[in-house]
Amino acid sequence: MMVCEYKPGLEGIPAAQSSISYVDGQKGILEYRGIRIEELAAKSTFLETAYLLIWGELPSKEELKAFEEEVRLHRRIKYRIRDMMKSFPESGHPMDALQASAAALGLFYSLRDLHNPAYIRDSVVRLIATIPTMVAAFQLMRKGNDPVKPRDDLDYSANFLYMLNEKEPDALAAKIFDICLILHVEHTMNASTFSARVTASTLTDPYAVVASAVGTLGGPLHGGANEEVIQMLEEIGSVENVRPYVEERLQNKQKLMGFGHRVYKVKDPRAIILQELAEQLFDKFGGDKYYDIAQEMERVVEEKLGHKGIYPNVDFYSGLVYRKMGIPTDLFTPIFAIARVAGWLAHWKEQLAENRIFRPTQVYNGKHEVPYTPLEQR
Ligand code: CMC
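Figured I'd write up the structure that's included with this text. (Residues numbered from 1 in each chain as written. Predicted model: local features only at pLDDT ≥ 70, side-chain atom pairs only at ≥ 80, totals over all residues. Heavy atoms only, no water.)

Brief notes about the site of the ligand
The ligand sits among 21 residues. The nearest are H222, K255, L256, R262 and K308. Backbone polar atom of L221 to a nitrogen atom of the ligand: 3.2 Å apart, as the coordinates give it. Contacts to the ligand include G258, whose backbone N or O atom sits 2.8 Å from an oxygen atom. Look at the ligand: alone it shows 920 Å² of surface, and the protein chains cover 68% of it. (Near = heavy atom within 4 Å. Polar contact = N/O pair within 3.5 Å; in protein donor to acceptor, adjacent residues only side chain to side chain. Areas by Shrake-Rupley, 256 points an atom, 1.4 Å probe, with all protein chains shown as cover.)

Following this line, the structure appears as structure tokens:
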């Protein structure tokens, strides 16, 4: 067997062959099925982009209508899921609530008919449709309120914001939210997608696949960074404090949240669009002092770390967009998951098409032939 050099974090090691998305980290290019994200953000919708990723082509008018309709019809969650969520502690993190709820869906749909296209479609639709409902339901229930039923006359993003805030959203906010979902839906072999593919490779059900990916997304080095960015901006508090804050963190060898990326060595193309979206919201609803802090931070970090290729990533400006929409900070990562579920499912489907169980090797650096010491001698 060929012996490969050990690479911490599997940096640079291909884990799959995939035609779902493509990143050029030097030029700052991200494509979904070959289409640049700038174009999709300007012209597509989240559900259309999800269809593109999962089934490989943009849908025809009829295909899109049918998909939207199926998703609309599956938005409701079973009362047993709601009851289960009611017993979750209010202080628990919404990502943990989401992971548990996604896994619980598998209890109701335990069939594993993985070669049946109807089963695949049904699972895709159910997961994309119900994850937003579960996120909104937990948000209301942890405040002691009953969850709000989905509204069939609202499209995907508007309905989520309605279920979250119990009022119909502003049209610009709903449109911008939908674009945010497009920007977060897929990103090649990141940690949570890898996790999804590993779980998929055991031929378990798609609910377990999504639950394991949700668990992986939650960490602060991955999707959880968007929450920490807002906490960091709060801690900095003013534009004048930016430089001393950055210098102190760097001196203490601490990471600056929302900066840096394993693949991008330039500003993340998603951060560029998210910054524009934040500005659109500020123009309509008034500015945010954290935006001034963020812009100053981008300047200082570029000055200090630009030579290392460290620039804002997707998580740097997304929190400012959600904050302006009145969304609580700890829902930022669940919202990332609402989008990314479609990317994970595209990878689930691709993994099943040419499956081989993941079973990497390791470099053993422990002892051998160690004698057993009886308990009384220890
Ligand atoms: N702040 C300060 N220094 C940094 C940062 C940062 N945010 N990111 C990387 N570096 C430095 C790091 O200290 C190291 O320096 P040196 O070579 O002198 O020791 C060098 O850059 C390489 O860093 P690394 O941690 O080995 O890089 P990685 O590819 O393993 O990690 C990363 C990538 C995203 C985990 C990392 O940049 C990071 O921790 N960023 C902050 C957390 C964050 O914003 N995460 C969101 C990532 S994008 C969206 C997502 O995946 O969900």
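After that view, the rundown keeps rolling.
Focus on helix 16 (residues 332–353)
At 3.6 residues per turn, the α-helix brings residues three or four places apart onto the same side. For helix 16, spanning 22 residues, the distance from its first C-alpha to its last is 32 Å, which sits close to the expected 32 Å at 1.5 Å a residue. Maximum bend of helix 16: about 40 degrees, positioned at R340. Counting buried residues along helix 16, 20 of its 22 residues qualify, which places the element largely inside the surrounding structure. (Helix = DSSP H or I, 4+ residues; strand = E, 2+ residues; numbered from the N terminus. Expected span 1.5 Å × (residues − 1). Bend = angle between axes of the 7 residues up to and from the residue. Buried < 20%, exposed > 50% of the residue type's maximum accessible area, 1.4 Å probe, protein only.)

A closer look at the packing of aromatic side chains
Throughout the structure, instances matching the rule amount to 15 aromatic pairs. Residues F88 and F138 carry aromatic rings whose centres are separated by 6.3 Å and whose planes lie at 55 degrees to one another, so their mutual orientation is tilted. Of this pair, F88 sits in the loop between helix 4 (79–86) and helix 5 (94–108) while F138 sits in helix 6 (residues 117–142), and the two are 50 residues apart along the sequence. Like F88, the residue F138 is buried in the burial classification. Lying over the aromatic face of W55, R121 brings its terminal NZ or CZ to 5.1 Å of the ring centre. Sitting over the ring of Y162, R151 keeps its end group 5.0 Å from the ring centre. (Phe/Tyr/Trp six-rings, centres within 6.5 Å; stacked < 30°, edge-to-face > 60°. Lys NZ or Arg CZ within 6 Å of the ring centre and 35° of its normal.)

Observations regarding the sheet that holds strand 2 (residues 29–32)
Taken together, the three strands give an open sheet; going across it, the order is 1-2-3, and neighbouring strands pair in antiparallel fashion. Taken across any chain shown, the strands that pair with only one partner, and hence form the sheet edges, are strand 1 (21–24) and strand 3 (35–36). Note that strand 1 and strand 2 share four bridges and pair antiparallel. Counterpart to S21 in the pairing with strand 2 is Y32. (Pairing = 2+ DSSP bridges.)

Regarding unusual backbone geometry
With a phi close to 50 degrees, R33 is a non-glycine residue in the positive phi region. Mapped onto the elements of the fold, R33 is located in the loop between strand 2 and strand 3. With relative accessibility at 22%, the residue R33 sits in the partly exposed group. Of note in this structure, T188 is not a glycine but carries a positive phi near 45 degrees. In this structure, T188 sits in the loop between helix 8 (171–184) and helix 9 (191–200). Given a relative accessible area of 21%, T188 falls into the partly exposed group.

A short note on the pairing of strand 2
Linkage of strand 1 to strand 2, two consecutive antiparallel strands, is achieved through a turn of four residues, within which G28 is found at a positive phi near 70 degrees. In this sheet, strand 3 lies alongside strand 2 in antiparallel orientation, the contact comprising two bridges. Counterpart to E31 in the pairing with strand 3 is R36. Hairpin connection between strand 2 and strand 3: a loop of two residues separates the two successive antiparallel strands, and R33 in this loop has a positive phi of roughly 50 degrees.

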